[in-house]
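So the chains spell out like this:
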Amino acid sequence: SQTIHQWPATLVQPVGSPLSLECTVEGTSNPNLYWYRQAAGRGLQLLFYSVGIGQISSEVPQNLSASRPQDRQFILSSKKLLLSDSGFYLCAWSVGLAGAKNIQYFGAGTRLSVL
Amino acid sequence: GENVEQHPSTLSVQEGDSAVIKCTYSDSASNYFPWYKQELGKRPQLIIDIRSNVGEKKDQRIAVTLNKTAKHFSLHITETQPEDSAVYFCAAKMSVFKGSGNTGKLIFGQGTTLQVKP
């Protein structure tokens, strides 16, 4: 069966420090991968999605970047964190097949606090 | 651009009553509409979904209806229970090009906080 791992679960970082959040998927090949941010009490904002290794689409211009160095690995990064980067970050995957429903399965999330 | 509007933002009902959450979408090419439930501090989880070739789908106490002409879809929860209390998100699939086929991304509504009072 497929599983998605996301870490760390919580992170407290000072303003201006770098960020690296990692997400890996097991039990499937060539998945679509997604990074979302959820501010407190708000909806799910799609940040990046990837349909293959090295293929990243950015949805919102911001202080963050994403990379996909391996088929089932998706990394969210920042060189210098801002206060506004605080939030709940969720990684998700879906089956990467043409015509698929696009059911997205979410990781447990990382709660990031930038102080 | 692509947009999904969800209403209401908060909903409070008595246990046993029904709850209805409504969403509208902008992309007429959308063909898949899932609903996710997110409990406090947890990850969103799929509870029901519907394809555009179906007008209604039911799974025990929850049902979803779709009106493609009007571009809106709704979640119906009957006989609500306290454990139904959570944030509910609707979403619509937008197709993006992927090589020889298509894959999609989901555009989410802003969420509805449902409180079921015992």
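Residues numbered from 1 in each chain as written. Chains lettered and ligands numbered in written order. Predicted model: local features only at pLDDT ≥ 70, side-chain atom pairs only at ≥ 80, totals over all residues. Heavy atoms only, no water.

Looking at this structure, how should I read the interface of chain B and chain A?
Reports often express the size of an interface as the amount of accessible area lost when the parts come together. Across the boundary between the two partners, chain B contributes 24 residues, which contact 28 residues of chain A. Here chain B packs against chain A, burying approximately 2,100 Å² in sum over the two surfaces, 50% of which is carbon and sulfur. Our count for the contact surface shared by chain B and chain A stands at one salt bridge. In this structure, Lys105(B) engages Glu59(A) in a salt bridge whose closest nitrogen and oxygen atoms are separated by 2.8 Å. (Contact = heavy atoms within 4.5 Å. Buried area = accessible area lost by both parts, 1.4 Å probe. Salt bridge = Lys/Arg side-chain N within 4 Å of Asp/Glu carboxyl O.)

What exactly am I supposed to notice about the state of the cysteines here?
By definition, a disulfide links the sulfur atoms of two cysteines through a covalent bond. Residues and elements named next belong to chain B. Under the counting rule described, the total for this entry stands at two disulfides over all chains. The side chain of Cys-23 participates in a disulfide bridge whose partner is Cys-90; the two sulfur atoms lie 1.9 Å from each other. Classification of the bridge connecting Cys-23 and Cys-90 rests on its S-S torsion, roughly -100 degrees, and on that basis the disulfide is left-handed. You can see Cys-23 sitting in strand 3 (residues 19–25) and its partner Cys-90 sitting in strand 9 (residues 86–98), a full 67 residues away along the chain. Using a relative accessible area of 1% as the deciding quantity, one classes Cys-23 as buried. (Disulfide = S-S within 2.5 Å. Helix = DSSP H or I, 4+ residues; strand = E, 2+ residues; numbered from the N terminus. Buried < 20%, exposed > 50% of the residue type's maximum accessible area, 1.4 Å probe, protein only.)

Explain the side chain of Gln38(B) to me, please; I cannot follow it from the model alone.
Its place among the elements puts Gln38(B) in strand 4 (residues 32–38). On the basis of relative accessible area, Gln38(B) is assigned to the buried category, the value being 7%. A polar side-chain atom of Gln38(B) sits 2.9 Å from the main-chain carbonyl oxygen of Lys42(B). Excluding residues that lie within four positions of it along the chain, Gln38(B) makes contacts with Gln38(A), Phe88(A), Leu90(A), Arg43(B), Pro44(B), Ala86(B), Val87(B) and Phe89(B). (Polar contact = N/O pair within 3.5 Å; in protein donor to acceptor, adjacent residues only side chain to side chain.)

Looking at this structure, I do not really get the sheet that holds strand 8 (residues 73–78) of chain A. What am I missing?
Within a sheet, each strand pairs with its neighbour through backbone hydrogen bonds, oriented either parallel or antiparallel. Residue and element names in this part refer to chain A. Ordered in space as 1-3-8-7, the four strands form an open sheet in which the pairing is antiparallel. Every other strand in the sheet has two partners, leaving strand 1 (3–7) and strand 7 (65–70) as the edge strands with one partner each. Each adjacent strand pair in this sheet contributes to an overall mean axis angle of 20 degrees, direction not counted. Relative to strand 8, strand 3 (residues 19–26) runs antiparallel, the two being bridged by six bridges. In the sheet register, Glu-22 faces strand 8, and the bridge partner there is Ile-75. (Pairing = 2+ DSSP bridges. Axes fitted to C-alpha atoms, helices over the stretch in contact; angles between N-to-C directions.)

Quick question: what am I supposed to make of the pattern of salt bridges here?
Two side chains that carry opposite charge are able to pair once their charged atoms sit near each other. Residues and elements named next belong to chain A. According to the stated counting rule, one finds six salt bridges over all chains in the structure shown. Among the salt bridges present, the one from Arg-68 reaches Asp-71, with a minimum N-O distance of 3.3 Å. By relative accessible area, which is 22% here, Asp-71 ends up partly exposed.

So what exactly am I meant to see when it comes to the pairing of strand 11 (residues 112–117) of chain B here?
The side chains of a regular strand alternate between both faces of the sheet. All names here are of chain B. Alternating residues of strand 11 divide into Thr-112, Leu-114 and Val-116, all buried, and Thr-113, Gln-115 and Lys-117, none buried. Here strand 2 (residues 10–14) runs beside strand 11; their pairing, made up of five bridges, is parallel. If you follow Gln-14 over to strand 11, its bridge partner there is Lys-117.

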